[in-house]
Amino acid sequence: MDLRPLLGEASLEVPKEGQLSRGELLELLPKADGLIALLNVRVDSELLAAGKRLKIVANFAVGYDNVDLAEATRRGVVVTNTPDVLTDATADFAFTLLLAAARRLGEGERLVRAGAWQGWAPGLLLGTELRGRRLGVVGAGRIGRALLQRAKGFAMDLVYDSPRQMPEAEALGARHVSREELLATCDFVSLHCPLSQNTKGLIDAKALATMKPTAILVNTARGACVDHEALADALESGAIAGAGLDVFENEPQVPERLLELESVVLAPHIASATLSARTKMAEICANAIRTRLQGSCPPTALNPEAMQ
Ligand code: GLV
């Protein structure tokens, strides 16, 4: 989509197709008043120092663990994200991964495409139904709650683990439980927390060891919330049954061991990839840049105090 009409007086420089290298970006930044940053751009002190004129970084994502918010604030750079508009798309996709892992869709697809399917058989690729199964959502923010809403329609038993009790989640029939209870009792565990020091490696060997051998892990949050080596160990040993992963710690690299496991459904970080969500995300970013460059604080500012 063409963002120019939304940018007001600002001119848009999109220097080439695809992504700029770090070096190219650092070279261009001294001339920029605003930056639309994709989630794989590290907006750190080096980048912020290179952007001497920067007034705003519009992060093209709801998660902003790629941004050093404190440093941006210190430099008077407003940072925005793209909440709400991708909630449904992301929750839809988390549910897609959940169902795909539960019903072994990846394995079935590979079987058919390999020409190895021998025909209908009573025991072929038996999976798990959802009715009455317990879903645990780690982080009952907008996306976590949207997943609970979907799961309610499938008659699942719902629990969530959040720093505080969430009336909106309770209204969906979900029960607030401890992380320990969630991990130990859930048939499906879906991560919807931001990546932070507290959530890095949240699903590690210790956490995986407490999960049910029939459990399925879904991650559409950030790759680093899961220790992928520990996950591969758990899947290989049967400590848990399966996983649906959209995010990885060092994207686009996916750990070799996961690539070899039939019980994992793998996706290339596409949970918010609907035309509608991505169009609205672009609009939010462009509007934020225009608003800031016209001297006001964008409504999606994460650090409005940077305006002072
Ligand atoms: C995508 O991962 C986002 O944070 O928007």
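Residues numbered from 1 in each chain as written. Predicted model: local features only at pLDDT ≥ 70, side-chain atom pairs only at ≥ 80, totals over all residues. Heavy atoms only, no water.

(A) Region of interest: the pattern of salt bridges. This structure, assessed with the given rule, holds 22 salt bridges. One salt bridge connects R104 with E107, and the closest N-O pair in it is separated by 3.0 Å. Residue E107 is classed as buried on the basis of its relative accessible area of 17%. E249 is paired through a salt bridge with K200; the nearest N and O atoms lie 3.2 Å apart. Pair noted here: E249 is in the loop between β9 (242-245) and α11 (256-259) and K200 is in the loop between β7 (188-191) and α9 (205-210), with a separation of 49 residues, a long-range link. Overall, E249 belongs to the partly exposed group, its relative accessible area being 43%. Salt bridges here are not isolated pairs; linked through shared partners, they connect R22, R42, D44 and E46. (Salt bridge = Lys/Arg side-chain N within 4 Å of Asp/Glu carboxyl O. Buried < 20%, exposed > 50% of the residue type's maximum accessible area, 1.4 Å probe, protein only. Helix = DSSP H or I, 4+ residues; strand = E, 2+ residues; numbered from the N terminus.)

(B) Main features of the domain arrangement of the protein chain. You can read the domains of the protein chain as domain 1 (4-84 + 273-307) and domain 2 (87-266). Placing the centre of domain 1 and that of domain 2 at their C-alpha centroids yields a distance of 31 Å. Contacts between the two partners involve 9 residues from domain 1 and, on the opposite side, 6 residues from domain 2. Summed over both sides, the interface between domain 1 and domain 2 buries roughly 600 Å², with carbon and sulfur atoms accounting for 50% of that surface. Contact with domain 2 buries surface across domain 1, with L39, D65 and D84 losing the most and accounting together for 64% of the total. Counting across the interface, domain 1 meets domain 2 through 2 salt bridges. Our enumeration of links across domain 1 and domain 2 arrives at 2 residue pairs in polar contact (both at pLDDT 80 or more). Tallied by class, residues from the side of domain 1 that touches domain 2 come to 5 nonpolar, 2 polar and 2 charged. (Domains from an automatic or database assignment. Contact = heavy atoms within 4.5 Å. Buried area = accessible area lost by both parts, 1.4 Å probe. Polar contact = N/O pair within 3.5 Å; in protein donor to acceptor, adjacent residues only side chain to side chain. Nonpolar A, V, L, I, M, F, W, Y, C, P; charged D, E, K, R; others polar.)

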